[in-house]
Structure formats: C-alpha cells, structure tokens
Amino acid sequence: MSDAELDQKSVDGSEQHSAERSRQEKASTDEGALPPEVVEPDPELTPEEAERARKRYLLTRFWISARGYWGRGGEWLAWPCSIGLLALIVTNVGFQYGINIWNRAIFDAIEQRNAHTVYFLSAVFLPLALGSVALVVTQVFLRMLIQRRWRSWLTTALIGRWLANGRYYQLNLIGGDHKNPEARISEDLRIATESPVDFIAGVISAFLSASTFIVVLWTIGGALTLTIAGSTVTVPGFLVITAVFYAAITSSSMAVIGRHFVHVSEVKNQAEAEFRYTLTHVRENGESIALLGGEEEERSDLDKTFTHVLRQWALLSRQHMRTTLVSQGSSLLAPVVPLLLCAPKYLEGSMTLGQVMQAASAFAIVQSAFGWLVDNYPRLADWHACARRVASLMMSLDGLERAEQSDALGRIQHGETEGDAMLSLNDLSVSLDDGTAVVKETQVTVEPGERVLVAGESGSGKSTLVRAIAGLWPWGDGSVNFHGDRRLFMLPQRPYIPSGTLRRAVAYPGAADSWPLDKIKAALDKVGLDYLNDRIEEEAPWDQTLSGGEKQRLAFARLLLHSPDTIVLDEATSALDEKSQDKMMEMIIHELPQITIISVAHRAELEAFHSRKITLERREGGAKLVSDIDLLQRKRKRNLLSRLVENRHSRPKGSTTPG
C-alpha cells in the first residue's frame, strides 16, 4: 500500500472514529455475529494432517459468514426465493414424470398403430413441453437471483469489514494468507456463492428424480428370471439394481481418478492470482520501471510467474482429461444399457415397446441423477479452492477484529481533547503487530494555530507516528485525541489521484460537484496549476500523467477547498524545489491563517514556517521524543537574513555597504 490511505482521512475529530466503530459493528452483524475464535491444530498432527485440518476449517469458516444470508441479519428475500426454487424443482420432477408416462403411451400407440391416440398424445405433448420449459426458465431465473443477491450481500459485508478501521491497510502489516484481497473479493467470492446454489439445486433435483424414477424402473421392469446351469435365478428389480451398480462404478471411478482435483485446482487459482498481482504491480509502478530501464527484469519475473501458471494448467488439464474419460464413457453407455436389459422381455412379449422406451428414459434419468457427482466434480473442486481463499481473507480480518477487541497487544485509543487543544498524544506508544516498539511514550499537546514540525532521522518512526494519528496504525498504547468540533486533513507524501476527471481529483475525498467550477479553478491557480484549468473536466489517467510535484501541488489545492482546522503534512512538499515549497507554505498560512499544522519532514528550511519543533530519536526499544523547542526566535533570524540578502541584490552596482 502507498500513502494513499492517508489522503482519505479527512475526518471530523472523534466522530470519525465513532462512525468507523459503528460500521465495523454493522459489518460484523451482517456477516453473522462476532469473529469466531481461532482454532489451533492439534500439535500431535503431522504437517500433512494439520494442513488437511486447516483446509477443512477454512470451509467451515466460509459457511459461518455465508449462511448469515439466511439468518436474522440476512436479506428478507432469501427464504422466499429458496422455497420458491425448491417448489419449482419438485414441480419440474412432476413434469418429467408426466413426460415419461407420455413416452410410454406414445410408443404403445405407435406399436398398436392407433392413429387417434397418436394424434391425441401429440397434442398433449405441447402443453407438457411448454410447461416444462417455463418451469426450467423460471428455475434458472430464481437460482441466478439467489446467487446474485447472496453474492451482493456477502460481498458488501466483506468489503465493509475490509475497509473498516483501515484494515485494508493493516493487512499489509501482518502475516497470513490474504494476498490479493481484491481478487478474492471479486472473482473467488463470485464462484464461492454461485456454485453452492447450483450444487444444492442439483442435489435436490437429482435426489427427487432418482427416488421417483427408481419406483418407475421397479414397477415396469419387475423381476428378471435367468436360467443358469439348469437352475432358475430370479433378480427382483433388476433395472434398479443395474442402475445403482452402474452409477456406483462411474462415481467411484470419478472419485479415484479425480482425487487430486481439488488440490490442483486450488494451486492453479493461486498461481493465476499471483500472475494478476504481478501484472498489476508492473502497471502501477510503470514510471519507475521505465525510468530505471527495468523492462527485462520485469519480463523475466512475468515469464517465471506465467510459466508457473501454465504448469498448473497442464496438471489441471490432465485431471480434466481423466474425468472426461469417465463422464463421456458413461454418457455413451447409459442409453444403451437399459435397451439391452429390456430386449429379452420385449422379445418374449412380456414388455411392450412403450414400457421398453419408458424404462430407457427412466434409466437415463436415474443414471443422470446418480452421475451428478461425475458431471460436477470439476466445479466442486473449483468451489473448494475459491471458498478457501475467501475464508483465508476472512480469517485475517478475524485476527484484526480480535486484536481490536483484545488488550493482549494493546490498542491505541482515540478520543476527544480536553479544553481548546486541537490534538493531544497522551503517553502514546506505537508498536508492530508482534509487540515490537517503534515509538515509546510520546506526550504532546498541540494548541489551536500552532505549527509543529516533527523531525528526526530516517527510521525514527515519524511516518508511523503519522499513521497512528490518522488511525491507520492500531497497535500500541496510550491515546490520540482530537478536538471534537474541528476537522482534520491529511496530506501524505504521495497523494492519491483517483480515476476520472481532474475536477474529481482536486475535490477528493469530496464529490466532484461539491464546489463550483470557478472555485476549483481558483484553487488550482493558487498552487501554480492554472495551466490545467482548460482540462479540468477531462477524464485522463492523471495518476500517470501528473509529476510528483504536480500531485503535491494538487493536494494543496484540495486543502484550500476543504479548509480544515488541522492538517498533518507527511513529507507533503518533498517533490517540490525549495522555492516552490516556500510558496506552498506561505500560501497555506496566508489563505488559512488560523490553521493548525503538524508537519513531518527532513528539510531544515521548513523550520521557518513552523512555530515549534519536536525531534524523535531512534533508540533501542523504540524512538523517543528528545526535544520540544520554540522556533519563533529562529524564524525572526531567518527573516532578517532574507531581508539582508534581498537588500544586497537590490543595491545599484558600485555602491558599498555603509560602515
């Protein structure tokens, strides 16, 4: 993550933190209550067994959240749509049975050359077919409606948890299996919510079809009498036994042949996600790569990542070939087997042609129902992989939520200042998620109108301190307090430039139409970007088009529009030359004379624009505040020196300095 997160932290004091907590609580409720307790694997398990146990738990974790769609915090349409889909499946099986009966009657009529019955049944078939088609179409509509709305509900809840309290940023600071959260939320979550609806609808339909048409097979097939070595053997319900035996062979074959399908599919999905991430990383850092001439190195990395993708695809294709061998062979044999079994009875006259065709149709339906696993095993494997990736992200968010509610590591508290103070850091300590201290016991109070410079060598924790103030860094101790009625605005070193028009980029995080066009142009004029006024409504890749200095100027234009009470500048002028930096600071102080400024910077020249300087020093056990001095006297000295230099340059040639 870049510093873009800081650009989105324009807040209204402690009310912002209260709103974040409310959103967090709502997201947790929407997903089905608080995060579940972490489940540690049995230490006596082998690594392979522990990994299998972890994967099983990931599926459990997915369902803990996903089933909430049908729970108290879910959507009101969930149960009506689900019950409606079930009713349609049952009705459709009834129509299948009707068509099966029609099949027997039409062939019996043809065998008997009964023209009147054939014509009558031909007329009856049309409403049967139309009714069946209408049922299937409506079933598809309801099934996809459930999938769409379930995905929407779960995606909204997961995004809410991901964005709450800066967790989207904090995920980059902790370990865990949550790489590429955007791919997990978009693609993996789509498959994870689509497939279960298809599977459940398919299983119910297969069960009802098998139950119904097994009865049909038993009724019309009857018993088969065989004479073997002079002995008579009677096999009751021979068609049913054959159908079950046939399905058992195909299903067990599929289970054996495709036993590695889930793992291979999971690894393939992970490889695809890593390839997408690498491509995105190159695009986002295109300028730096181009300036450094790193195309060959990036190409080598992309080739390596893509080769891994192709290798996994090759393994997956072998799995598909094996499963296709079973499914295709089964589909070819299924229509022939019942005909061969019924042929002796038909030839001896104990079965009519209609009964043979009805048995063949029923056998095919039963075989299709029993063979549901054969046809859907690849999709089931894909679902396993995607659900686990989504659950891994959920578990990482669970960990952050538990940390927010736990005192084990310590959490930085956010509240309101007492009196008129704009900002106070009370015994603030900032640490990593493993408890390692970065900044120790900082005590600072900033009064209205003060301009405070935070200095220190690189690595002393200045930027981490800024993130703690912004609420992005949760771990530590003490508190960060803002004035309850004042607004805070953050300016990071690398300003975030959203997609869309330049007008939207200047107004961000407000809406593009929040200010009239002339006011936005005036803000651009004041920061030296007046040459962009003619393009203010133009949509362009501004993040790639603007230079680093132009982005920082644009961030100051945002500052003028939002007119906050307190600003935090984190190296916000680092891309500007000294003269431009001075102009920006002078402009802000002139345009917003009452503003409170907290700056993090290395440049000593910035001292002239601040009234106070705080210095952090890196020490073992965490950086500490070592000095807090008044800069007003130093500012006066610099102003005097500047006037002397200006007078020297303004004197006519040949003149001498008096005295």
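Residues numbered from 1 in each chain as written. Predicted model: local features only at pLDDT ≥ 70, side-chain atom pairs only at ≥ 80, totals over all residues. Heavy atoms only, no water.

### A word on the overall build of the chain
What the chain contains, in helices and strands, is 21 helices and twelve strands. A burial count over the chain gives 46% of its 659 residues as buried. Partitioning the contacts of the chain with sequence separation of at least 6, the portion at a separation of at least 24 is 78%. Carbon together with sulfur atoms contributes 57% to the accessible area of the chain, which is approximately 33100 Å² in total. (Helix = DSSP H or I, 4+ residues; strand = E, 2+ residues; numbered from the N terminus. Buried < 20%, exposed > 50% of the residue type's maximum accessible area, 1.4 Å probe, protein only. Contact = heavy atoms within 4.5 Å. Areas by Shrake-Rupley, 256 points an atom, 1.4 Å probe, with all protein chains shown as cover.)

### Here we look at the sheet that holds strand β4 (residues 423-431)
Judged by pairing direction, the sheet is mixed, and its four strands sit side by side in the order β3-β7-β4-β5 without closing on themselves. For this open sheet the edge positions go to β3 (413-416) and β5 (437-446), each flanked by a neighbour on one side alone. Between one strand axis and the next, the sheet turns through 15° on average, direction left out of account. Pairing analysis gives six bridges linking β4 to β5, with the strands arranged antiparallel. Within β5, the position partnered with Val430 by the bridge is Val439. Taken strand by strand, helix α15 (residues 462-470) contacts β3, β4, β5 and β7 (476-482), and its axis lies near 120° from that of β4. (Pairing = 2+ DSSP bridges. Axes fitted to C-alpha atoms, helices over the stretch in contact; angles between N-to-C directions.)

### Topic: helix α9 (residues 261-284)
Since there are 3.6 residues in each turn of an α-helix, residues three or four apart along the chain are aligned in direction. Helix length check: α9, at 24 residues, gives a terminal C-alpha distance of 35 Å against a target of 34 Å (1.5 Å per residue), a fit within 8%. Looking at α9, one finds that the buried residues are Phe261, Val262, Val264, Ser265, Glu266, Lys268, Asn269, Ala271, Ala273, Phe275 and Thr278. (Expected span 1.5 Å × (residues − 1).)

### Considerations on unusual backbone geometry
Put simply, Tyr508 and Pro509 share a cis peptide bond, and its omega is 5°. A positive phi angle, close to 45°, is found at Ser563, a residue other than glycine. Counting through the fold element by element, Ser563 comes out in the loop between α19 (548-562) and β9 (566-570). Unusually for a residue other than glycine, Glu571 sits at a positive phi of about 50°. Assignment of secondary structure puts Glu571 in the loop between β9 and α20 (578-591).

### Some words on the packing of aromatic side chains
All chains considered together, the criterion is met by 13 aromatic pairs. Where Trp70 meets Trp150, the ring centres are 5.0 Å apart and the plane angle is 65°; that geometry is what we call edge-to-face. Highlighted residues: Trp70 in the loop between α3 (47-66) and α4 (78-111) and Trp150 in helix α5 (residues 115-163), separated in sequence by 80 residues. The exposure class of Trp150 is buried, given its relative accessible area of 1%. These aromatic residues form a ring-pair network of at least three members: Phe62, Trp63, Tyr69, Trp70, Trp150, Trp153 and Trp383. (Phe/Tyr/Trp six-rings, centres within 6.5 Å; stacked < 30°, edge-to-face > 60°.)

### A short note on the packing of α3 against α5
Relative orientation of the contacting elements α3 and α5 amounts to 100°, with a least axis distance of 11 Å. If you check the angle between α3 and α5, you find them roughly perpendicular. When α3 is examined against α5, the residues Arg61, Phe62, Trp63, Ser65 and Ala66 are found in contact with a partner set consisting of Trp150, Trp153, Leu154 and Arg161. By residue class, the composition of the contact of α3 with α5 is six nonpolar, one polar and two charged. (Parallel < 35°, antiparallel > 145°, perpendicular 65-115°, else oblique. Nonpolar A, V, L, I, M, F, W, Y, C, P; charged D, E, K, R; others polar.)

### Remarks on the environment of Ser396
In this fold, Ser396 is placed in helix α14 (residues 372-405). Residue Ser396 is classed as buried on the basis of its relative accessible area, which comes to 9%. Along the backbone, Ser396 and Ile174 are 222 residues apart, and their C-alpha atoms lie at a distance of 8.6 Å. For Ser396, the contacting residues outside a window of four places in its chain are Leu171, Ile174, Gly176, Asp177 and His178.

### Describing helix α12 (residues 336-348)
Between its terminal C-alpha atoms α12 stretches 19 Å, which fits the 18 Å expected from 13 residues at 1.5 Å a residue. Taken together, the buried positions of α12 are Val337, Pro338, Cys342 and Lys345. At the exit of α12 stands Gly349, carrying a positive phi of roughly 90°.

### Considerations on the pattern of salt bridges
Enumeration over the complete set of coordinates arrives at 16 salt bridges. Across the pair Arg161 and Glu401 runs a salt bridge, and its minimum N-O distance is 2.6 Å. Of this pair, Arg161 sits in helix α5 while Glu401 is found in helix α14, placing the two residues 240 residues apart along the sequence. We note that Arg161, like Glu401, is buried. Members of the salt-bridge network, linked through shared partners, are Arg61, Arg161, Asp398 and Glu401. (Salt bridge = Lys/Arg side-chain N within 4 Å of Asp/Glu carboxyl O.)

### Considerations on the environment of Asn376
Summarising the element assignment, Asn376 is placed in helix α14. For Asn376, a relative accessible area of 14% translates into the label buried. It is 9.9 Å that separates the C-alpha atoms of Asn376 and Ser195, two residues lying 181 residues apart in sequence.

### Regarding the packing of α4 against helix α13 (residues 353-370)
Where α4 contacts α13, the axes come no closer than 7 Å and their chain directions differ by 150°. Between α4 and α13, the angle is such that the two are roughly antiparallel. Relative to α13, the crossing made by α4 is right-handed. Two secondary-structure elements touch here, α4 through Asn100, Ile101, Asn103, Arg104, Phe107, Asp108 and Glu111 and α13 through Leu353, Gly354, Gln355, Met357, Gln358, Ser361 and Ala362. Here the residues of the contact of α4 with α13 are counted per class, giving five nonpolar, six polar and three charged. (Left-handed = near helix turned anticlockwise from the far one by under 90°.)

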